[in-house]
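A look at the structure
Here are the chains, one letter per residue:
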Amino acid sequence: MRLFKLHILILVLNIFLYSQDNTEGGERVHRVPILSSGNVIELSIQNVSEQTLSGIKINVTDAPSWMNFKSKQKTIEAIESNGENTAEFIFSIDKTAIVNKEQSISFTISSPIGEVWTKQVKIVVTPPERFELYQNYPNPFNPTTTIAHQIPNDAQVSLKIFDIL
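Described below are features of the structure shown in this document.

Basis of the calculations
- Along each chain, residue indices are assigned from 1 in the same order as the chain's sequence is written.
- The predicted nature of this model means local features are confined to residues of pLDDT at least 70 and side-chain atom pairs, given and counted, to a pLDDT of 80 or more, with totals for whole chains, interfaces and linings taken over all residues.
- Side-chain figures throughout are based on the complete set of non-hydrogen atoms in the structure, without hydrogens or water.
- Put simply, DSSP H or I for four residues or longer makes a helix, DSSP E for two residues or longer makes a strand, and each gets a number counted from the N terminus.
- With a 1.4 Å probe rolled over the protein chains alone, any residue whose accessible area is under 20% of its type maximum counts as buried; one over 50% counts as exposed, and the rest are partly exposed.
- For this analysis, residues touch if any pair of their heavy atoms sits within 4.5 Å.
- Values of accessible area rely on a 1.4 Å probe in the Shrake-Rupley scheme; residue burial ignores everything except the protein chains shown.
- To form a nonpolar core, buried Ala, Val, Leu, Ile, Met, Phe, Trp, Tyr and Cys residues must be joined to one another through side-chain atoms within 4.5 Å.
- Any two strands with at least two DSSP bridges between them are considered paired.
- Throughout this description, the term salt bridge denotes a Lys or Arg side-chain nitrogen within 4 Å of a carboxyl oxygen of Asp or Glu.
- Residues adjacent in sequence count toward polar contacts only when both atoms are side-chain atoms; beyond that, a polar contact is any pair of N or O atoms within 3.5 Å, and within protein one must be able to donate a hydrogen and the other to accept it.
- Note on patches: the residues involved have over 30% relative accessible area and no salt bridge, like charges join within 9 Å, and the nonpolar side chains Val, Leu, Ile, Met, Phe, Trp and Tyr join within 5 Å.

1. Quick look at the overall build of the chain
Assigned secondary structure in the chain consists of 0 helices and 12 strands. Starting at the N terminus, the α and β elements of the chain follow one another as β-β-β-β-β-β-β-β-β-β-β-β. Counting only residues that meet the buried cut, the chain has 35% of its 165 residues in that class. Considering only residue pairs separated by 6 or more positions, the chain has 64% of its internal contacts joining residues 24 or more positions apart. Just so you have it, the chain exposes about 10,500 Å², and 50% of that area is on carbon and sulfur atoms.

2. Describing the nonpolar core
Membership of the largest hydrophobic core comes to 25 residues, with the highest contact counts inside it found for Ile-56, Ile-58, Met-67, Phe-89, Ile-93, Ile-105 and Phe-107. Elements with a contribution of two residues or more to this core: β4 (39–47), β5 (53–62), β6 (67–69), β7 (73–79), β8 (84–93), β9 (102–110) and β10 (116–126). When neighbours within four sequence positions are excluded, Met-67 is seen to be in contact with Phe-91, Ser-92, Ile-93, Ile-105 and Ile-123.

3. Notes on the pairing of β4
Extensive coverage of β4 is indicated by the burial of 9 of its 9 residues. Neither face of β4 is exposed, since Asn-39, Ile-41, Leu-43, Ile-45 and Asn-47 on one face and Val-40, Glu-42, Ser-44 and Gln-46 on the opposite face are all buried. Examined bridge by bridge, β4 and β8 share 8 bridges and lie antiparallel to one another. Of the residues in β8, the one forming a bridge with Gln-46 is Glu-84.

4. Structural notes on the pattern of salt bridges
On inspection of all chains with the given rule, the structure shows 2 salt bridges. In this structure, Glu-102 engages Lys-122 in a salt bridge whose closest nitrogen and oxygen atoms are separated by 3.3 Å. Here Lys-122 lies in strand β10 and Glu-102 lies in strand β9, a separation of 20 residues in the sequence. A salt bridge links Glu-132 to Arg-130; the shortest N-O distance between them is 3.3 Å.

5. Things to note about the side chain of Asn-136
With respect to the helices, strands and loops of the structure, Asn-136 is situated in the loop between β11 (132–133) and β12 (149–150). Among the residues examined, Asn-136 registers a relative accessible area of 15% and is labelled buried. Polar contacts involving the side chain of Asn-136 include one to the side chain of Gln-135, which spans 2.6 Å. At 3.4 Å, the side chain of Asn-136 forms a polar contact with the backbone oxygen of Pro-138. For Asn-136, the contacting residues outside a window of four places in its chain are Phe-141, Thr-145, Thr-146 and Ile-147.

6. Let's talk about a nonpolar patch on the surface
Together, Leu-133, Leu-159 and Ile-161 make up an exposed nonpolar region whose accessible area comes to about 330 Å². Turning to its location among the elements, Leu-159 is positioned in the segment after β12.

Here is the structure:
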């Protein structure tokens, strides 16, 4: 009989300051900064059977559209009896993410003989920590340009553009 024991090892973030998590209702809720990249979810899969397991597939089956994964599928070639292996998913958060709202990412783990397990990871996207104005694009511009910015909370913001000519 083949059995898996699944658990999340860690949600590693680009800046370790943000690798804090909250526990709500007994489940971990990981905090991820908006506009961050290089974020990593590591799923650790343990083989508690007496046989070596091979060809384990892990897929991201449900994630918010503002999460951009480098790859949504990983394959673990083999896990020895009573051994453990890790699948790593790298992702970024784009500017359309909804901040301060709990979201879930679902993973499906399947074996070559048709066994299937699911795992959910809960995240909350945190707002920016400071006001920031980014370089306009294209620069120089004619006749239009885009000026990106971020603000840490709801506030009245004024952007004034002057013609130095």
